Amino acid sequence: MKPAEYVYNMNHSPQNFSKQSSEDIFYTITLEYLNSRAKKSPSTKDFYARKYAALKSNEKPNPANGLEVREENWSELHTLFPELFKIPFPQPKTPSFTFIDLFSGIGGFHQAMHQLNGKCLLSSEIDASAIDTYLDNYGIDSNKDITKIKDEDFPRHDVLCAGFPCQTFSKAGKQMGFADQTKGTLFFQIVRILKNEKIRPDYIVLENVRNLLSHDNKNTWKVIKDTLDEVGYNCKEVLMSPHQLGVPQLRERVYILGVRKDLYDGELEFTVPRVKKESLDIYKAGIIDENPDPKYRISAHEEKVLNCWDEFYKGIKETVIGFPIWFSEFRATYDTGDLPGWKAEFCHKNRRLYQNNKAFIDSWIEKWDSLNDFTPTERKFEWQAGESIQFAA
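Here goes a summary of the coordinates provided. (Residues numbered from 1 in each chain as written. Predicted model: local features only at pLDDT ≥ 70, side-chain atom pairs only at ≥ 80, totals over all residues. Heavy atoms only, no water.)

1. Observations concerning the pattern of salt bridges
Part 1: Summed over the entire model, instances satisfying the criterion amount to 22 salt bridges.
Part 2: Note that Arg-156 is salt-bridged to Asp-202, the shortest N-O span being 3.3 Å. Residue Arg-156 is located in the loop between helix H8 (128–138) and strand S3 (159–162), and its partner Asp-202 is located in the loop between helix H9 (187–195) and strand S4 (203–209); the two are separated by 46 residues in the primary sequence.
Part 3: For Asp-202, a relative accessible area of 16% puts it in the buried group.
Part 4: Between Glu-267 and Lys-236 there is a salt bridge whose closest N-O contact spans 3.9 Å. (Salt bridge = Lys/Arg side-chain N within 4 Å of Asp/Glu carboxyl O. Helix = DSSP H or I, 4+ residues; strand = E, 2+ residues; numbered from the N terminus. Buried < 20%, exposed > 50% of the residue type's maximum accessible area, 1.4 Å probe, protein only.)

What follows is the structure, given as structure tokens:
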């Protein structure tokens, strides 16, 4: 929630504050903000509200009848007192470099920069849920629309990180590219910063979908690369997927890495790790706990359903099925003539599957009591691709 909205919702106005000191005003607003955000005791929140009010009043804010509670006040509050909000990743006290995080989402780039001891000076995002998550994790309010940030409000920084919107370049979207006036042109908001001599960073790290490189017969990538070159950056594109770093996920993306030409104008070389997918481990990667809290376990019934169908798949002759399995069709003999073509075809495929594996399926049905305690949805099984899946190298 923006501070201006917060103050308005609390029905505060200059008239209400006209007889209070600036410190009292900050205390009142801060306490109400903490009541809505921090899960602490009233006495703890009161302590921090008074401490913060004293700090802000010493900065000589506007007179009581014109006090402006700016957006950065709340971001400062989280940064000054991370213990109040239990921030998992507070800003480093002695950072090695600074960065800004554009189109920040929930903070993927921030997490990487944090591990390198970087300090975030500005974060920009418009998705409400992502903004809340970012604030909870990093204590920084990213509720800033980049199109509305003035040039002079961007801080001087060392590294610019930006996962600029990819929907307009993705194969899953309409692939409008720069013709999309809302998302496709946001790349040029980055360019606006890179052209500004007062704030332009030393390095840039951009990210997008792989299709960015081939979109519009490679014209989109040409525009991006030529533009970065024109504003003085020596860049190189790198295709990489998490599985190459030991994370069991196939999600190839293009990373555009760049350095200011006045710092280095030679060939940029990056070695992308090569990891065999067979060596990936969801436990070692920290994705799944080997000994999770019992409260996260699936129910006994859900486990039964999974084991039942797992046994079915391992028991039939086919390794690649290619259609949904409908238990109700295994022994069915009714006429499918009145069914839609697609449904009739699935029915016949299920009946042929049954006949091809009759001995096994009959014993399977008897063992699992004809799936009598399964719901209609649980009596269906989506096909598995088996060995036909092609993994990226």
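Still to come is the rest of the account.
2. Remarks on the packing of aromatic side chains
Part 1: By the definition in use, this model includes 18 aromatic pairs.
Part 2: Judged by centre distance (5.3 Å) and plane angle (80°), the rings of Phe-47 and Tyr-48 are edge-to-face.
Part 3: Take Tyr-48: its relative accessible area is 11%, and that puts it in the buried class.
Part 4: Centre to centre, the rings of Phe-312 and Trp-364 are 4.9 Å apart; their planes meet at 55°, and the pair counts as tilted. Linking Phe-312 in helix H11 (residues 300–315) with Trp-364 in helix H13 (residues 358–367), this pair joins segments that are 52 residues apart in sequence. Taken as a pair, Phe-312 and Trp-364 share a single burial class, namely buried.
Part 5: Grouped by ring-pair contacts, the aromatic residues Trp-309, Phe-312, Phe-327, Phe-330, Tyr-354, Trp-364 and Phe-381 constitute a single cluster.
Part 6: Lying over the aromatic face of Tyr-27, Arg-50 brings its terminal NZ or CZ to 4.2 Å of the ring centre.
Part 7: Positioned above the aromatic ring of Tyr-334, the side-chain terminus of Arg-351 is 4.7 Å from the ring centre. (Phe/Tyr/Trp six-rings, centres within 6.5 Å; stacked < 30°, edge-to-face > 60°. Lys NZ or Arg CZ within 6 Å of the ring centre and 35° of its normal.)

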